Amino acid sequence: MVPVGDKSSTGSSSAAYNAAGADNPKERLKECCRKLVAFMCTQVGVGGLVVGYAVVGAFCFIQIEGQAGDAQHHAVQQLRHNCSVNVWNATNTYNVLYRDNWTRQVTDALTHFQVNLALIVKKGYDGRTTEETWSFSAALMFSLSIFTMNGYGNVVPKTMLGKSATVVYAVFGIPLYVLYFRNMGKVLAQSFRWLYTWVYQCSMEDKAGGDPYNQQLPQKSRVIVPSTACLWVLAAYVATGTVTFVTLEDWSYLDSTFFCVTSLCKIGIENFVPVGSVTDAATDHPMKLVIKFVYLLLGMGIIAMCFDLMREDVQVRVRNLKMDIGLCFEDIRLRAVAVYRRRNSFD
């Protein structure tokens with residue numbers, strides 16, 4: 001048995017255990033996994049994980065839905081070819097002397113083309129090719145709209161595999177986004193609180209500079225960011241996005257403001273989605289795509305920041321209101337007791 005007070009024996013045994021763990025590949029793998037999970041729970045890790053999750057999802061949806069789009073496009077082309085062949089055969093077989101037969105044959109061919117084309121359109125065909133529908137910018141915005149719960153609806157999966165992948169992608173992506181939302185909100189809230197406190201203390205020092213009786217200011221007092229400051233930050237961010245999308249997407253100022261507000265509020269309107277036009281979606285500049293993606297992702301963090309700061313401001317105001325109401329009732333009670341005692345003294 002090892003004595004309790006024998007530190008040398010205990011230290012040697014722990015050192016031997018650490019050495020054995022360092023030489024064990026399984027223990028090293030576990031330690032690397034623990035470090036990786038700890039890093040992924042940080043702000044940088046969560047942000048990188050969200051960006052990587054969106055990019056990987058975009059490539060996956062391009063590969064899954066690309067085949068379905070090509071199949072529908074080829075089916076429409078084949079349908080047009082068959083209709084043209086049938087009309088030409090009717091024209092070649094029946095000349096102007098057999099008008100009724102030619103009309104009946106052409107009508108049947110056009111009716112067959114119309115019915116089958118309507119069935120293909122009901123399955124999601126809109127006349128665009130796969131490259132036009134599932135460009136990288138469109139697929140990236142589709143992935144972003146899934147786990148941020150915006151749901152623009154301009155691009156939707158058509159295949160059973162694509163719909164199943166969307167469900168699985170949302171199940172794993174929404175908790176990841178909630179983690180990003182909370183972490184990014186805390187980081188931005190702390191940064192903005194520090195900046196607001198610094199500006200507030202500087203302004204108080206300027207006001208107290210000419211007063212010899214007010215030279216010392218409390219440096220460790222906690223400053224509560226008012227809700228109006230958060231509203232000004234949101235207004236400035238929406239204004240920045242308005243100017244950005246007017247420049248990148250060639251929208252009007254009203255449409256750009258409408259898109260920024262609906263996206264940040266998680267409404268998601270189909271008519272305005274920043275994926276470029278159909279003609280230049282595949283050749284859109286990468287920097288434009290980065291700006292759009294960063295604006296939408298950073299905007300969610302700013303919403304979380306404002307939510308945390310405004311919640312703190314509301315809690316302080318409710319606490320002060322509760323104290324004021326308590327003091328008011330206490331003052332009423334004291335006044336009532338004083339009146340009661342004065343009336344009893346007269347009796």
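Residues numbered from 1 in each chain as written. Predicted model: local features only at pLDDT ≥ 70, side-chain atom pairs only at ≥ 80, totals over all residues. Heavy atoms only, no water.

(A) Region of the structure containing the UniProt feature "transmembrane region" (unreviewed entry) in the protein chain. According to UniProt, the feature "transmembrane region" (unreviewed entry) maps to residues 36-62, 164-181, 223-248 and 289-310 in the numbering used here. The span residues 164-181 is 100% helix and 0% strand, and its two end C-alpha atoms sit 25 Å from each other. Annotated as residues 223-248, this span is 85% helix and 0% strand, and its ends, taken at the C-alpha atoms, are 39 Å apart. (UniProt positions renumbered as here; feature names shortened; annotations may be inferred. Helix = DSSP H or I, 4+ residues; strand = E, 2+ residues; numbered from the N terminus.)

(B) Representation of the pattern of salt bridges within the structure. For the structure on display, the rule yields 6 salt bridges. One salt bridge in this structure joins D313 and R317, with 3.2 Å as the shortest N-O distance. Of this pair, D313 and R317 both sit in helix α10 (residues 286-346), 4 residues apart, which is roughly one turn of that helix. Taking the relative accessible area as the measure of exposure, D313 reaches 5% and is therefore buried. A salt bridge links R335 to D331, with the shortest nitrogen-to-oxygen separation between them at 2.9 Å. In this pair, R335 and D331 both sit in helix α10, 4 residues apart, roughly one turn of the helix. (Salt bridge = Lys/Arg side-chain N within 4 Å of Asp/Glu carboxyl O. Buried < 20%, exposed > 50% of the residue type's maximum accessible area, 1.4 Å probe, protein only.)

(C) Seen up close, unusual backbone geometry. Positive phi outside glycine occurs at M149, with the angle close to 65°. For M149, the location among the structural elements is in the loop between α6 (136-147) and α7 (160-208). What makes M149 partly exposed here is its relative accessible area of 39%.

(D) The packing of aromatic side chains, seen in detail. This model, assessed by the stated rule, comprises 15 aromatic pairs. Where F245 meets W251, the ring centres are 6.0 Å apart and the plane angle is 20°; that geometry is what we call stacked. The exposure class of W251 is buried, given its relative accessible area of 16%. Through successive ring pairs, a cluster of aromatic residues spans Y53, F61, W134, F142, F147 and Y169. (Phe/Tyr/Trp six-rings, centres within 6.5 Å; stacked < 30°, edge-to-face > 60°.)

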